[in-house]
Amino acid sequence: MTLDLKIDNPDPSHRPDDLAQGVLGTETDRPDGWAKVAGSATYAAEETVGDLLHGVLVRAPGIGAVTCPNLSDVRAMPGVRAVLRDDRLIRNAAQGMADEAPVQGADAADYVGQPIALVVAESFEQARHAAQVLDVVIQTKDAPTDPSAVDPEVPDDKQSAMGDLDAAMAEAAVTVDAIYTTPSMSSAAMEPHAATAQWDGDTLTLRGSLQMLKFNRNELADSIGLPPEKVRIMAPFVGGGFGSKLGISADCVAAALAAMELGQPVRVVQHRRNVFEVNTRRSETRQHIRLAADADGRLTGLGHDALVSNLPEERFSEPVVQGSHFAYAAANRKLGVQIARIHRPASGSVRAPGESVGVTAFELAMDELADKAGIDPVELRLRNIPEKDPESGKPFSSHRLKEALTQGAEAFGWSARTAAPRQRKEGEWWIGTGMAAAFRVNMVIEAEARISLRQDGAVVRSDMTDIGTGSYAIFGQIAGELLGLSPDRVSVELGDTDYPPGSGSGGSFGAASTGTAVWLAGMEIRRQLAERLGCDETELTLKDGLAIFSNRRVPLEELLCDGPIDGHGHVQPGDASEKVRQATFGAHFAEVAVNGVTGEVRVRRMLGSFAAGRILNPRTARSQCHGGMIWGIGMALTEELTHDRRDGHAVNRDLAGYHLPVNADVPPLDVLFVEERDDWAGPMQAKGIGELGICGAGAAILNAVYNASGARVRDLPATPDRVIATLPD
Amino acid sequence: MRPFDYQRAEDTAAARTASRAGATILAGGTNLLDLMKLEVMAPERVVDISRLGLNRITEKDGGLHIGATVTNSDLAADMRIRRDYPVLSRALLAGASGQLRNKATTGGNLLQRTRCPYFYDTGTACNKRTPGEGCAAIGGELRNHAILGTSEHCVALHPSDMAVAMRALDAMVEVEGEDGTRREVALDDFYRLPGDRPDIETTLAPGDLITGVTLPAPLEGRQQYRKVRDRASYAFALVSIAAIVRMEDGRIADATLAFGGIGTRPWRDPEMETLLKGERPSAALFAKAADVLMRHAAVHPGLEFKLTLVTRLLSATLEEMTE
Ligand SMILES: Cc1cc2nc3c(=O)[nH]c(=O)nc-3n(C[C@H](O)[C@H](O)[C@H](O)COP(=O)(O)OP(=O)(O)OC[C@H]3O[C@@H](n4cnc5c(N)ncnc54)[C@H](O)[C@@H]3O)c2cc1C
């Protein structure tokens, strides 16, 4: 039986607080943790498969029509089984939730690095060598690769205005009018994209490294020309995704085509250098931010205009101003995103698309405003918290920015700060602190899950993925809480399209969406148990394997002697988003040291305080926040995917050249959660946490750089040369 | 990776013979294997020298002899190095990561290839990879590139930290030639400037094997290695300085300065060192020294920051070491 829920209205019942098992909200271990550290959790390229062939993608070294003059020589090389130049090869990874094939074709390259062939051989080494030997000749065509060199598209639905911002700027007591830039960035997930495809003449089975299987199945089926029922995808363990594995990737389609053509299993692993090119990057942005405020720092106007880029025919554009729509009150507003159609590698969703770069730049501007107005940066934010959604007038479902700011400031010791820059020096190092607010939209998407309650425990199933986030742990806790079982009696099976379609991992919606489906499945089982016992579900207590009501205590085994009880949960977003504005909020605080000679920056400590509804597992939630904050360090200081100015290719496409923060860059990180119950967030009152931690984190660091040294860096990342260039003498 | 033959040499003669016959020497492999996977280097044969017993550090003529396969980790941790040649220990520890230093060898570090991304990218033109093909780096995205010693054919940087410290220490490279005779080559004569053959990086002849590096008796004075990089660890130098400074009566008696991150080879400038010698330290003197160092700089777009950075770092280093 299925329990359906459409989220149309608030649920004030707070049922999790009444349940007896006491595991939801606790620091439960990840059940997959041991397998991961011991190496027994297999990632996409680690599955043992007999008769396996190896495929290596061949990249286009230019933009234009492609020919391979020595194709037949390469086909004759030792061990080579095929060189696929198939029109169904995909140009780049599909966008998140595309649900259909992305742009396809191998005859021409739209960007440098596009995969235009797959070489398949008996060994990986043979395939790699043959791929290198394959001569790829490009009839180079003129294609713009610089976003500032083209007339951008100005889509109507991405522009909005209220009041008169120009007038507000002219009349304001204090203004900020500045341009901020962020570079292309890469998810650089630890596990490179990889796929192993098997074809039995009827059904294609693919072991992939993917985030959203129900969409990926349709994308793959559409790409290779099979009906979706003939495609099964499995991804039980995924070594990070951060958006780069939302859509079907080039390795999957190529492996599938090769397996179908050769009738043998084929594995394709993207080389680390492919990873930076053929999957989606975070677009570079150019952000023009205008702030108008009265003498008390109350915003009278705000403007946020962004330029981003993508390849022709890609529907995604980085939604830079998404957070600015609701972050602060101001009567006069102008927001917009423009898109430059250029021939760099495709851009797409990367952890917190929109707010990660948009909030970061906006919070840099807010710091400049605080400085100019002579108002404490925390106080400035507090003064501008809107009472309702500033544009639609809808109420907020819940708003805990004030608490995040004040509790965070208190825990960080913000009051000890000196407002003026360049006040504290240790040797060559200037020391200072900075802060920023964090904002992120909250989403629920359709999801299903099934629980089977058996005498030996419960089994939860969904095609939902765990990309390192903690899905396995959380679903075990939810089912355990509802059914009165300790989590070790709940086995969670994920990442298989044979299971009910979950939400997939993306947009921070996994735990709350698929988690709610698990909740509903558990509720359905409780309903059936109550029916068997002749009581009302709300009167039933399930704890430690016992069903308790009135003064009866019945072991669950007894109730299940006739067979397992199944429950199916199905959640859908309703019209809640038309009634309320829902978001998550937080605040970041950072202390940094800036070398006055070399411009090097070292983060000395960071604290983030976050409000994201009920925290289902503080350990996995904290770990998500740590990841976001560390990425903030990268965004502020080190990460930049450089494009060649002539042909747009990704120049520094390896982990020695693309500088992710390393251990030595990461100081102690503190995370605190602000208590929140958002009744509009479904029966568990839980919201997304996976992306909030990155939003604005980099701004806190750069604002601290200013407070420490007086260097105001508006072009990210703040590498030593950029710091020196803005350091006062 | 192109298929290749692997041979493990049992003695230096076997290694030389193999090398003369066209085999490429494999030491720690931390650079060579990466380049082979990308087919930037595609030797048909490699000869492994890890079992030649060249992994010892011994005393020699008041200085030290470092075997060619002594790892960067072992060298950095050696008590004699830490005590008498701290600049070298610090330079080593500022390089790469712990795992890489455990594999990387002294000889391999000297001969590591540039990190110019265009050199690594067989989809672009590179004179160092294929002489005469052109240089895609010039006119492209420059950061880890040189401003001294460059030519119109190549702006690739020598990326080593270790070699910068060795250059300041007047280290000699011990080479066993084709016929088995050993000779010593000063680091100053070891690295070539790129000119029109950037593919030829040293004065080594085919069949030459590096057997070790000799450090002369320790110098008097203070030693320092400073490295500016894009992240706190595991990044190549934007600019680095190995400095050995001896003061006498408030004057600079000797200043030996070698630079990384700016030259096509580990850089030293005798004229600049002479300028400092016998002078009283002052901001004006340090600024003049930087001007002398930079007098022949060829600064391509994107590298302007190196002028500022090297000037600031040089002044701060000298200020600290002469106080
Ligand atoms: C990600 C990364 C970061 C790094 N960061 C730094 C850094 O910050 N600073 C730094 O200085 N270095 C850095 N390195 C480079 C590292 O120091 C070198 O890779 C290493 O020193 C090479 O030593 P090896 O023994 O592994 O050489 P191999 O890779 O084995 O050989 C390198 C070259 O030397 C030749 N060769 C080796 N030994 C001999 C010999 N005895 N006689 C003749 N020829 C020989 C080989 O034929 C080959 O051409 C980094 C490397 C990586 C991969």
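As the structure is a computational prediction, the values presented were derived from the model and not from experiment.

So, how was this worked out
Residues numbered from 1 in each chain as written. Chains lettered and ligands numbered in written order. Predicted model: local features only at pLDDT ≥ 70, side-chain atom pairs only at ≥ 80, totals over all residues. Heavy atoms only, no water. Helix = DSSP H or I, 4+ residues; strand = E, 2+ residues; numbered from the N terminus. Buried < 20%, exposed > 50% of the residue type's maximum accessible area, 1.4 Å probe, protein only. Contact = heavy atoms within 4.5 Å. 1 Å grid on protein atoms, 1.4 Å probe; cavity = no way out; pocket = protein on both sides within 12 Å on 5 of 7 lines; lining within 4 Å. Points joined across faces, edges and corners; volume = space filled by probe spheres on them. Nonpolar A, V, L, I, M, F, W, Y, C, P; charged D, E, K, R; others polar. Domains from an automatic or database assignment. Phe/Tyr/Trp six-rings, centres within 6.5 Å; stacked < 30°, edge-to-face > 60°. Lys NZ or Arg CZ within 6 Å of the ring centre and 35° of its normal. Pairing = 2+ DSSP bridges. Axes fitted to C-alpha atoms, helices over the stretch in contact; angles between N-to-C directions. Expected span 1.5 Å × (residues − 1). Arc of directions from axis to C-beta. Near = heavy atom within 4 Å. Polar contact = N/O pair within 3.5 Å; in protein donor to acceptor, adjacent residues only side chain to side chain. Areas by Shrake-Rupley, 256 points an atom, 1.4 Å probe, with all protein chains shown as cover. Parallel < 35°, antiparallel > 145°, perpendicular 65-115°, else oblique. Left-handed = near helix turned anticlockwise from the far one by under 90°. Buried area = accessible area lost by both parts, 1.4 Å probe. Salt bridge = Lys/Arg side-chain N within 4 Å of Asp/Glu carboxyl O. UniProt positions renumbered as here; feature names shortened; annotations may be inferred. Disulfide = S-S within 2.5 Å.

Participant: So what exactly am I meant to see when it comes to the side chain of S151 of chain B here?
Facilitator: Residues and elements named next belong to chain B. Its location among the elements puts S151 in the loop between helix 8 (117-120) and helix 9 (162-168). On the basis of relative accessibility, which here comes to 15%, the residue S151 falls in the buried class. Those residues in contact with S151 that lie beyond four places of it in its chain are I138, P194 and G195.

Participant: In this structure, what is going on with the layout of surface pockets? I would like to understand it.
Facilitator: Think of a ball as big as a water molecule: rolled over the atoms, this probe shows where empty space is left. Looking at the second largest pocket, its volume works out to about 1400 Å³. Around the second largest pocket, the lining is made up of 50 residues, and of these E640, T642, H643 and R722 of chain A together with E141 of chain B lie nearest the centre. Split into classes, the residues belonging to the lining of the second largest pocket amount to 16 nonpolar, 16 polar and 18 charged.

Participant: Even after reading the chapter, I still don't get the domain arrangement of chain B, so can you show me in this structure?
Facilitator: By a widely used convention, the size of an interface equals the accessible area lost when the partners come together. Domain boundaries in chain B define domain 1 (5-47) and domain 2 (222-322). Domain 1 of chain B and domain 2 of chain B are separated by 36 Å when their C-alpha centres are compared.

Participant: Just checking my understanding: could you explain the packing of aromatic side chains for this structure?
Facilitator: A ring pair, where both rings are aromatic, is described by two values, the distance of the centres and the angle of the planes. Residues and elements named next belong to chain A. By the definition in use, this model includes 15 aromatic pairs over all chains. Aromatic pair F326 and F439: ring centres 6.2 Å apart, planes at 85°, arrangement edge-to-face. Of the two residues, F326 sits in the loop between strand 15 (299-310) and strand 16 (332-341) while F439 sits in strand 18 (residues 429-441), which places them 113 residues apart along the sequence. Using a relative accessible area of 0% as the deciding quantity, one classes F326 as buried. Here the aromatic rings of Y328 and F362 are separated by 6.0 Å at their centres, their planes lie at 20°, and the arrangement is stacked. Here Y328, found in the loop between strand 15 and strand 16, pairs with F362, found in helix 8 (residues 355-373); they are 34 residues apart in sequence, far enough to count as distant. Here the aromatic cluster, defined as three or more aromatic residues joined through ring pairs, consists of F326, Y328, F362, F396, F439 and F585. The ring centre of W631 lies 5.6 Å from the NZ or CZ of R282, which sits over that ring. Across the ring face of Y706, the terminal group of R712 is positioned such that the distance to the ring centre comes to 3.6 Å.

Participant: Looking at this model, I keep getting lost on the sheet that holds strand 8 (residues 209-215) of chain B. Mind explaining?
Facilitator: Within a sheet, neighbouring strands are paired by backbone hydrogen bonds and run either parallel or antiparallel to one another. Residue and element names in this part refer to chain B. In space, the five strands of this open sheet follow the order 4-5-8-6-7, with antiparallel pairing throughout. The sheet is open, and its two borders are formed by strand 4 (57-60) and strand 7 (182-186), each paired with just one other strand. Averaged over neighbouring strand pairs, the angle between their axes works out to 30° when direction is ignored.

Participant: How should I be thinking about helix 10 (residues 401-412) of chain A in this particular structure?
Facilitator: All names here are of chain A. Helix length check: helix 10, at 12 residues, gives a terminal C-alpha distance of 16 Å against a target of 16 Å (1.5 Å per residue), a fit within 8%. Within the span of helix 10, buried status applies to L401, A404, L405, G408, A409 and F412. Projected down its long axis, helix 10 shows its buried positions confined to an angular sector of 115°, all on one face. Summarising the geometry of helix 10, the exposed residues directed more than 90 degrees from the buried face are K402 and E410. A positive phi of about 80° marks G413, the residue just after helix 10.

Participant: Honestly, the site of the ligand in this entry has me stumped. Any pointers?
Facilitator: The environment of the ligand is formed by 33 residues, the closest being I25, G29, T30, T105 and D161 of chain B. Near the ligand, the surrounding residues are drawn from chains A and B. One of the backbone N or O atoms of G28 of chain B is found 2.8 Å from an oxygen atom in the ligand. Interatomic distance of 2.9 Å between a backbone N/O atom of N31 of chain B and an oxygen atom of the ligand. Expressed as a share of its isolated accessible area of 980 Å², the protein-covered part of the ligand is 95%. Put simply, the parts of the chain that give the shell around the ligand at least two residues each are strand 2 (24-26), helix 7 (106-110) and strand 8 of chain B. If one sorts the elements of the shell around the ligand by residue count, helix 7 of chain B sits on top with three residues.

Participant: Teacher, can you tell me more about the packing of helix 12 (residues 283-293) of chain B against helix 13 (residues 304-322) of chain B here?
Facilitator: Relative orientation and spacing of two packed helices are given, respectively, by the angle between their axes and the distance between those axes. All names here are of chain B. Where helix 12 meets helix 13, the axes come as close as 9 Å, and the angle between the chain directions of the two elements is 135°. By the criterion of interaxial angle, the relationship of helix 12 to helix 13 is oblique. Both helix 12 and helix 13 take part in a crossing whose hand is right-handed. Note on element contacts: helix 13 touches helix 12 through V310, T311, L314, S315, L318, E319 and T322, opposite F286, A289, A290 and L293. Here the residues of the contact of helix 12 with helix 13 sort into seven nonpolar, three polar and one charged.

Participant: Before we go on, may I ask you to explain the interface of chain A and chain B in this structure?
Facilitator: Counting residues at the interface gives 38 residues for chain A, matched by 37 residues for chain B. Roughly 3000 Å² of surface becomes buried between chain A and chain B when both sides are summed, with 52% attributable to carbon and sulfur atoms. Inspection of the chain A/chain B interface yields five salt bridges. As a salt-bridge pair, D121 of chain B and R653 of chain A come within 3.1 Å of each other at their nearest N and O atoms. The interface formed by chain A and chain B includes 15 residue pairs in polar contact (both at pLDDT 80 or more). Secondary structure elements with two or more residues in the side of chain A that touches chain B: helix 3 (124-133), helix 15 (618-638) and helix 17 (720-726) of chain A. For the side of chain A that touches chain B, the per-class residue count stands at 13 nonpolar, 12 polar and 13 charged.

Participant: Could you clarify how one ought to interpret empty space enclosed by the protein in this entry?
Facilitator: Residue and element names in this part refer to chain A. Using the criterion set out here, one finds five cavities of 30 Å³ or more in the structure. Secondary structure elements with two or more residues in the lining of the largest cavity: strand 27 (601-611) and helix 15. Looking at side-chain class alone, the lining of the largest cavity contains seven nonpolar, three polar and six charged residues.

Participant: Sorry, what's going on with the pairing of strand 3 (residues 45-48) of chain B here?
Facilitator: In summary, the side chains of a regular strand alternate between the two faces of the sheet. All names here are of chain B. In terms of strand pairing, strand 1 (residues 5-8) meets strand 3 through four bridges, oriented parallel. Bridging from a neighbouring strand, D5 pairs with R45 of strand 3. Bridge count between strand 2 and strand 3: three bridges; the pairing is parallel. Counterpart to T24 in the pairing with strand 3 is V46.

Participant: Help me understand the packing of helix 8 of chain A against helix 16 (residues 697-709) of chain A in this model?
Facilitator: Residue and element names in this part refer to chain A. Closest axis-to-axis distance for the helix 8/helix 16 pair is 8 Å, and the angle between their directions is 35°. Helix-helix and strand crossings are classified by hand; for helix 8 and helix 16 the assignment is right-handed. For the pair helix 8 and helix 16, the contacting residues are T360, E363, L364, D367 and D371 in the first and G698, A699, L702, N703 and Y706 in the second. In the contact of helix 8 with helix 16, the residues fall into four nonpolar, three polar and three charged.

Participant: What should I look at first to understand the environment of R552 of chain A in this one?
Facilitator: Residue and element names in this part refer to chain A. With respect to the secondary-structure elements, R552 resides in strand 24 (residues 552-555). With a relative accessible area of 42%, R552 lands in the partly exposed category. Along the primary structure R552 and L533 are separated by 19 residues, whereas in three dimensions their C-alpha atoms are 9.7 Å apart. Dropping the residues within four chain positions of it, R552 is found in contact with L533 and A547.

Participant: How should I be thinking about the domain arrangement of chain A in this particular structure?
Facilitator: All names here are of chain A. If you check the domain split of chain A, you get domain 1 (2-41 + 449-572), domain 2 (44-142 + 187-278) and domain 3 (351-443 + 583-726). Facing 21 residues of domain 1, the contacting portion of domain 2 comprises 21 residues. In total, about 1500 Å² of surface goes out of reach between domain 1 and domain 2, with carbon and sulfur atoms giving 53% of it. Considering only the surface of domain 1 that becomes buried against domain 2, A41, I467 and T497 emerge as the three largest contributors, covering 34% of it.

Participant: Would you explain the UniProt feature "domain: FAD-binding PCMH-type" (unreviewed entry) in chain B in this entry?
Facilitator: In the numbering used here, UniProt assigns the "domain: FAD-binding PCMH-type" (unreviewed entry) feature to residues 1-220 of chain B. Span residues 1-220 of chain B is 28% helix and 17% strand, its end C-alpha atoms 48 Å apart.

Participant: Got a minute to help me understand the state of the cysteines in this structure?
Facilitator: Think of a disulfide as a covalent bridge from one cysteine sulfur atom to another cysteine sulfur atom. Evaluated as defined, the whole model comprises zero disulfides over all chains. Here C625 of chain A stays unpaired: no disulfide links it, and the sulfur of C695 of chain A, its closest cysteine neighbor, is 11 Å away. Between C135 of chain B, a free cysteine, and C154 of chain B, which holds the nearest cysteine sulfur, the sulfur-to-sulfur gap is 6.0 Å.

Participant: Help me understand the UniProt feature "domain: Aldehyde oxidase/xanthine dehydrogenase a/b hammerhead" (unreviewed entry) in chain A, please; the structure alone is not making it clear to me.
Facilitator: Residues annotated by UniProt as "domain: Aldehyde oxidase/xanthine dehydrogenase a/b hammerhead" (unreviewed entry) correspond here to residues 38-142 of chain A. Between the C-alpha atoms that bound residues 38-142 of chain A there is a distance of 51 Å. The span itself is 15% helix and 28% strand.

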